[in-house]
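Topology and contacts: notes
One-letter residues, chain by chain:
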Amino acid sequence: MTRDDMKKMAAEAALEYVEAGTVVGVGTGSTANHFIDALARIKHKIDGAVASSEATAQRLQSHGIPVLDLNAVDELPLYVDGADESNKYLHLIKGGGGALTREKIVAAVSRTFVCIADDSKLVDVLGAFPLPIEVIPMARSYVARQLLQRGGRPVLREGFVTDNGNQILDVHNLEILDPVQLESELNQIVGIVTNGLFARRPADVLLLGTEQGVRKLT
């Protein structure tokens, strides 16, 4: 079984959390794409979806799923998205696809956040995957210096611009022992739009595709 098979398995399992007559928040990336493809089979049961990126919006629309503006939605019962890393507390690193700010906004609005991934994404300590940080372009060098002072090694994601018109620094060499504290600390650095730690608002459910089937963590 391939990693992609495991991602697809987790994505299929997330369909159980979709409530009829509701709007579903949908994330970005390869695992989220599997969920979109699965969601298309029950699109007649939902009122539409809120997308966390332009790419996700396009994929939803290609399946005939209505895409709604988040400002027109009071509450999202469900948000489904992947992750680059998760610990056992369901604290996540996200943003490998560059949509971390919109993902974090949609997660904040959602009542239940279901994270879907293959089992390689579950780690003891976050940080082996470089932490993405979205920055205002004029602040990039300043933010990078601040990150160096904290022991990180920031690398500009070359040739990439977020849907918000900003840049991303991928921060290497971090061993994140207190994700909640680091998330808050990084958000205080002027010029950072947001960082890829989803710890203050973690996932509520983690569905992991494994060789033995889907493993659920809560």
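Residues numbered from 1 in each chain as written. Predicted model: local features only at pLDDT ≥ 70, side-chain atom pairs only at ≥ 80, totals over all residues. Heavy atoms only, no water.

Some remarks on the side chain of Thr101
Structurally, the position occupied by Thr101 is in helix 4 (residues 100-109). Polar contacts involving the side chain of Thr101 include one to the side chain of Glu134, which spans 2.6 Å. Setting aside its immediate chain neighbours within four residues, Thr101 contacts Glu134, Asn164, Val193 and Thr194. (Helix = DSSP H or I, 4+ residues; strand = E, 2+ residues; numbered from the N terminus. Polar contact = N/O pair within 3.5 Å; in protein donor to acceptor, adjacent residues only side chain to side chain. Contact = heavy atoms within 4.5 Å.)

Some remarks on the packing of helix 2 (residues 30-39) against helix 3 (residues 54-62)
When two helices pack together, you describe them by how their axes are tilted relative to each other and by the distance separating the axes. For the pair helix 2 and helix 3, the least separation of the axes is 9 Å and the interaxial angle reads 25°. In terms of orientation, helix 2 lies roughly parallel with respect to helix 3. The element helix 2 and its partner helix 3 pack so that their crossing is right-handed. Along its contact with helix 2, which presents Asn33, Ile36, Asp37 and Leu39, the element helix 3 presents Thr56, Arg59 and Leu60. Along the lines of polarity and charge, the residues of the contact of helix 2 with helix 3 split into three nonpolar, two polar and two charged. (Axes fitted to C-alpha atoms, helices over the stretch in contact; angles between N-to-C directions. Parallel < 35°, antiparallel > 145°, perpendicular 65-115°, else oblique. Left-handed = near helix turned anticlockwise from the far one by under 90°. Nonpolar A, V, L, I, M, F, W, Y, C, P; charged D, E, K, R; others polar.)

Brief notes about the nonpolar core
Of all hydrophobic cores here, the largest spans 24 residues; its most connected members are Val18, Val26, Phe35, Leu39, Val114, Ile116 and Leu207. Counting residues per element, the ones that place at least two in this core are helix 1 (3-14), strand 1 (23-26), helix 2, strand 3 (76-81), strand 6 (110-118) and strand 12 (205-210). Excluding residues within four positions of it along the chain, Ile116 makes contact with Ala10, Ala11, Ala14, Thr31, Ala32, Phe35, Val80, Asp81, Gly82, Ala83 and Leu207. (Core = buried A, V, L, I, M, F, W, Y, C linked by side-chain atoms within 4.5 Å. Buried < 20%, exposed > 50% of the residue type's maximum accessible area, 1.4 Å probe, protein only.)

As for helix 6 (residues 179-187)
Note: α-helices contain 3.6 residues per turn, so residues at a spacing of three or four share the same orientation. What helix 6 keeps buried is the set Pro179, Leu182, Glu183 and Leu186. On an axial view of helix 6, the arc spanned by its buried residues comes to 105°, and they lie on one face. (Arc of directions from axis to C-beta.)

Structural notes on unusual backbone geometry
The phi angle of most residues is negative, glycine excepted, and most peptide bonds adopt the trans form. Positioned with a positive phi, Leu90 is a non-glycine residue whose angle comes to about 65°. With respect to the element layout, Leu90 can be found in the loop between strand 4 (85-86) and strand 5 (92-93).

Side note on the sheet that holds strand 5
Reading across from one edge, 4-5-11 is the order of the three strands in this open sheet, with antiparallel pairing throughout. Each end of this open sheet is capped by a strand with a single partner; those strands are strand 4 and strand 11 (197-198). Pairing between strand 5 and strand 11: two bridges, direction antiparallel. By the bridge assignment for strand 11, Ile93 is matched with Leu197. (Pairing = 2+ DSSP bridges.)

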